Amino acid sequence: MKFISWNIDSLNAALTSDSARAKLSRDVLDTIKNEDADIIALQETKLPATGPSKKHKEKLFEFFPDYDYFWVSSRDSARKSYAGTMTLYKKGLKVKESFPEIGAPDTMDLEGRILTLELDDYYFVQVYTPNAGGELNRLPLREIWDLKFADYLEELDKIKPVIATGDFNVAHEEIDLAHPENNHMSAGFTDEERRGFTNLLNRGFTDSFRYLNKDLEGAYTWWAQRVKTSKINNSGWRIDYFLVSDRLIDKVKDSTMIDSGQRQDHTPIMLEI
């Protein structure tokens, strides 16, 4: 089976805007479509609490006519049109969806950050992990989130194997970003966030990309938009992952990045099992 994950940074814009960036996003959606994956996970959809509009649905059908999908958006007292996730799956796949709340602090459980599909032999979980913030103002809350999410995946893993993917908002090791020496106090590379990710792996999960590419440098999934040359210079971070239950790792055939061309920000990642 083939799986793709992408932090799209506004599915809303990609489907409805005529901006240059939205057109680049649609080019990436075309690339994803051509990969013919079984399941596609999208983070940071930024859809309203009511979900996809009629126009969104029409455009989604143009790109992905062979897929059904589930979505969850930011709601209630959380920020509007913020965060959000959507999982598309090939028609014919038997899935049971859930939108778990993990006891996360503040409004994190209301921001549409986790979407789980249960299939016959495994769980497929996608996550959009909260960012610690530019001033690390949300770091204490992020530490609680990391523990709660690790607990959640560990409980699922007791029932059947887990494939967990998404934007985890952390570069785990120094090899996972271009300039570790300058970023130990930056969101996504603090000691606290890295320990949180290590704790998650220690619960019985493997970073599939690093398992297959132990010493590969310069392999990133995100380049800062505000720095125009970040992607040209490959000054990036690897913060998007496919994690698998340890007992699945021998079944992994490939775990890689998909080229997103000129578009900065996140690039899609792909897992084949």
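Below is a short write-up of the structure. Fair warning: this is a prediction, and the values are worked out from it, not measured in the lab.

### What to know about helix α4 (residues 139-157)
Every α-helix carries 3.6 residues per turn, so stepping three or four residues along brings you back to the same face.
Item 1. Over its 19 residues, α4 extends 27 Å from the first C-alpha to the last, a length consistent with the 27 Å expected when each residue adds 1.5 Å.
Item 2. Among all positions of α4, only Leu139, Arg142, Trp145, Asp146, Phe149, Ala150, Tyr152, Leu153, Leu156 and Asp157 are buried. The arc that holds every buried residue of α4, seen down its axis, measures 160 degrees, which confines them to one face.

### Describing the pattern of salt bridges
One side chain can pair with another of opposite charge once the charged atoms of both are near each other.
Item 1. Considering all chains together, one arrives at 24 salt bridges under this definition.
Item 2. In this structure, Asp76 engages Arg75 in a salt bridge whose closest nitrogen and oxygen atoms are separated by 4.0 Å.
Item 3. Residue Asp76 is classed as exposed on the basis of its relative accessible area of 64%.
Item 4. Its relative accessible area of 25% is what places Arg75 among the partly exposed residues.
Item 5. Put simply, Asp106 and Arg138 hold a salt bridge, and the shortest N to O gap is 3.3 Å. With Asp106 in the loop between β5 (96-98) and β6 (114-118) and Arg138 in the loop between β7 (123-128) and α4, this residue pair connects regions lying 32 residues apart in the sequence.

Definitions and cut-offs
Residues numbered from 1 in each chain as written. Predicted model: local features only at pLDDT ≥ 70, side-chain atom pairs only at ≥ 80, totals over all residues. Heavy atoms only, no water. Helix = DSSP H or I, 4+ residues; strand = E, 2+ residues; numbered from the N terminus. Expected span 1.5 Å × (residues − 1). Buried < 20%, exposed > 50% of the residue type's maximum accessible area, 1.4 Å probe, protein only. Arc of directions from axis to C-beta. Salt bridge = Lys/Arg side-chain N within 4 Å of Asp/Glu carboxyl O.

By themselves, these figures tell us nothing about what the structure is for.
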